[in-house]
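Letter by letter, the chains look like this.
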Amino acid sequence: MSGIVEKTRGLIAGLMKEALVSAGKKGILPVVEAPDFVVEAPREKDHGDFATNMAMLLAKPARTAPRKIAEALTGELDLKNSPVEKVEVAGPGFINFYLKSDWAFAELPQILSLNENYGRVNIGGGRKIQVEFVSANPTGLLHMGNARGAALGDSLASILDFAGYEVTREFYINDAGNQIEHFGRSLEARYLQLLGKKAEVPEEGYHGEDITDTMRGFIESFGDAYLETPEGERREVMVSYALEEKIADIKNTLEDFGVLYDVWFSEKALHRSGQVRDAIKRLGERGYLYEQEDAVWFKATDFGVEKDEVLVRSNGVPTYFAADIAYHMNKFERGFHKVINIWGADHHGHVPRMKGVVEALGYDPEALQVILMQLVRLYKNGVIVRMSKRTGQFVTLEELLEEVGRDVARYFFVMRSPDSHLEFDMDLAKSRTNDNPVFYIQYAHARICSILRQLAELGRELPDPGRVDYSLLNEESELMLIRKLAEFPEEVAASARDMAPHRMSRYLHEVAGLFHSYYNAHRVISDREELTDARAALACATRTVIRNGLRLLGLSAPEKM
RNA sequence: GUCCCAGUAGCUCAGCUGGAUAGAGCAACGGACUUCUAAUCCGUAGGUCGGGGGUUCGAAUCCCUCCUGGGACGCCA
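Residues numbered from 1 in each chain as written. Chains lettered and ligands numbered in written order. Predicted model: local features only at pLDDT ≥ 70, side-chain atom pairs only at ≥ 80, totals over all residues.

**Quick notes on the overall build of chain A**
Our working rule: Here a helix means four or more residues in a row that DSSP labels H or I, a strand means two or more in a row labelled E, and each is numbered from the N terminus. To sort residues by burial, count the other C-beta atoms lying within 10 Å of each one's C-beta; a count of 20 or more means buried, 12 or fewer means exposed, and anything in between means partly exposed. C-beta atoms are built from the backbone.
A count of helical and extended segments in chain A gives 20 helices and 15 strands. Across the 561 residues of chain A, 41% fall into the buried class.

**Digging into the sheet that holds strand S15 (residues 422-425)**
Pairing between the strands of a sheet is mediated by backbone hydrogen bonds and can be parallel or antiparallel. The line we're drawing: Two strands pair under a simple rule: DSSP has to find at least two bridges between them. Angles here are taken between N-to-C directions and fall from 0 to 180 degrees, while the axes themselves are lines fitted to C-alpha atoms, restricted in helices to the stretch in contact.
In spatial order, the strands read S14-S13-S15; together these 3 strands make up an open sheet with mixed pairing. Only two strands of the sheet have a single neighbouring strand rather than two, namely strand S14 (383-385) and S15. Sheet twist, expressed as the average angle between the axes of neighbouring strands with direction ignored, equals 40°. Examined bridge by bridge, strand S13 (residues 376-380) and S14 share 3 bridges and lie antiparallel to one another. In the sheet register, Leu-378 faces S14, and the bridge partner there is Val-385.

**Here's the deal with the domain arrangement of chain A**
Just so we agree on the cut-off: Domain boundaries shown here were taken from an automatic or database domain assignment.
The domains assigned to chain A are domain 1 (4-99), domain 2 (178-246) and domain 3 (434-552). When each unit is reduced to the centre of its C-alpha atoms, the spacing between domain 2 and domain 3 is 56 Å.

**Regarding the sheet that holds strand S4 (residues 94-99)**
How we decide: We call two residues in contact if the C-beta atoms placed from their backbones are at most 7 Å apart.
The 4 strands lie next to each other as S1-S2-S4-S3, forming an open sheet whose pairing is antiparallel. Looking along the sheet, the strands with just one partner apiece sit at the ends: strand S1 (39-40) and strand S3 (84-90). Here strand S2 (residues 50-52) runs beside S4; their pairing, made up of 3 bridges, is antiparallel. Residue pairing for S4: Thr-52 is matched across the bridge by Ile-95. Relative to the sheet, helix H1 (residues 4-25) contacts S1, S2 and S4, its axis offset from that of S2 by approximately 35°.

**Some words on unusual backbone geometry**
You will see that Arg-63, though not glycine, has its phi angle at about 50°, which is positive. Relative to the helices and strands, Arg-63 is located in the loop between helix H2 (54-62) and helix H3 (66-76). Its identity is not glycine, yet Met-499 carries a phi of approximately 50°, on the positive side. With respect to the element layout, Met-499 can be found in the loop between helix H18 (488-497) and helix H19 (501-521).

**A short note on the environment of Leu-20**
Mapped onto the fold, Leu-20 is located in helix H1. When the C-alpha positions of Leu-20 and Met-426 are compared, they lie 56 Å apart, and in sequence the two are 406 residues distant. Those residues in contact with Leu-20 that lie beyond four places of it in its chain are Ala-34 and Leu-73.

**Thoughts on H2**
What H2 keeps buried is the set Met-54, Ala-55, Met-56, Leu-58 and Ala-62. Once H2 ends, the next one or two residues include Arg-63, with phi positive near 50°.

Below you can see the structure in the form of C-alpha cells.
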C-alpha cells in the first residue's frame, strides 16, 4: 500500500531514533526524547536523497551545538542492511543521506502490477466523508464560479476516494425560500409578456434570457391555460415546471463537465419533512435560542461569533440559515466522519456561525471543513470581462465547455490554490499551442503511447515487470524520473490531507517535465534488447502515473494528439 | 469601522505545520527536428518574497504594525 519513498523515509527515521537512543545510552549525548523531526527530500540534489533536521531540533533540549549533535548521531547510525550509502553532516546541522542508486527500482514493478490502482493509499481507513459542492441556485445557469467549485470539488472527491475514504458527492438544491419567490414572479411576468399581457419582472427577480426561454417552452405545452389561474397557484405550477427543467439542465451540464453526484439534496424536503423544525427544537433544548421582537434567534455569540442570528423571522418563516442548520444536522446524522463544503469566498462570514451551529448541535466543529474559493476573473482579448447577474451577462459553464472543452476548463480551475483569485484567460485556454499548460501533461502521455505502439508494431511484447533488469536504468534523468514516480502515493496522501487538488496538477506537470527531458536525451527503443525492455517498463510506469493522476483531476489521457 | 483572502521574476502563480543557494509556466534572448510525436528539449537572463519592526541558531513562512487590491459584514441566500 505504501510506496518505497514512504518506506525509506520511515526507515531513516527509525535509524535516527535508534542512533539517538544509542548515543544517550553511551553518554555521548544527554538522554532526550526524539523531537518531532522530519525526513525529507532536499531541494538541492547535492544534499543527498533524504535529509533530516533532527540535530538542529535537539540543540535546545540537549544544550549542545547542532553540528556536534549531528556528528554524534551519525556516529551511532547502524547502516548495515540499509540502502544508505553515505551520510554527511552539512550546513547548520542537517544530516544528509545518500542512497544506493538502485534504491527506488523496486517501485517500478509495483507501479506496473498495481496499474490503475497504483497510488491508492489508506489514510481514510474507509471512513465516510462528504463533499458538498456547487449547490448553485437552481434558478439559473452555472457560471464561472460554479465551474471552479465543480472542478475543485469533484477532483477533491476523487482524491479522497483514492486516499481511502468512502466519498459522497452532494449537491444541495436551494429550491425553497425567497429566491424561489422571486423566481416564480419572474416566470409569471415572462409568461404574461409572451402572451401579450402587461407585466414587469420584479427588480430583485431574474432577468436572464433563459427565463423567457423556459416560459416559451411552458407555453408550447400549456398555452394560455394559466392566464386566469390565481397567482399563487399559477406561480407554484410554473416554479415546479421551471425547476425541473433547470435542475435537469444543471445536471446535464455538470455531467458534460465530468461531474457526477451521488446525492441531490432538496432544501424544500427539509422543510416538508419537519427537519427544519426539529433542528430548531434541538437547539432550543440545548439552550441556544431566545426570542426577541417576535423572531427566534440563535446565540451565535456563544461560539465567538460577532452577532446572534435569526432562525425564524417575525413573520414565522424560517431563514435560509435555519434550513442550512437542518441540512448539516442531517449530514451528521448520516454518519459522515467529515463534512466538506466548498463555498465562494463571499460566504466566508457564514463559516464561523455554521461551525458554531455544529458545536451547538453536539458535534465536533472540526468535522466541518469549509473550503473557500476566491472569485474567478475572466479575461477575454486581454481585457477583464465583468460578470453580473443583474444584467444576465455572464459566461456560463455550457459556453465555457463549448469554447475550450472539458479538459482545459477543468485543468485551469484546479491548477491554482482555491485561495488565489483565479485569472481565467480565455485566449490562453482556447489556444492549441504550447502556451497552454494542459497539453504538456497530456502530450507526455500521448508520446508514451506512441512509443508503446511502435514497440507493438515491431512485434515486441511488453516485458514481464518481474523479469526486467532495472539496473540498466542508470542515467541521471532516469533515476530522477523513477524517484518522482515513486512519490505519487505520497502526493495523493498529501493532496487529500491538505484538501488541495492543485498539488496534484503541479506534481503531474513535474512528472511530464521529467519525462519530456528524458525523452529528448535518450531513446527508449534501441537494438539493445534488455535496455529497451527496461526503458519500455519505465515509460509504461510513467504512463500509469500520469494516467492515474489525470483521472483524479477528471482529465482525459489521450493516446494520440 | 470590524473580519476574511491575497501581495513572491515583466505576467500568471507554487512554496507558508520555520530550515541549506527562494521555484515553475508564460513572455525575452541564444541554440536543438535525415533518429520513438518540436504541443518537446537544452541554455542565458530576470528577485529589497508589499514596507517597517519583532521572536531565534535560522523567517517568504510565526507575531505586531502600516500600505495596496479583492470580498464579507441583512429578520438575503
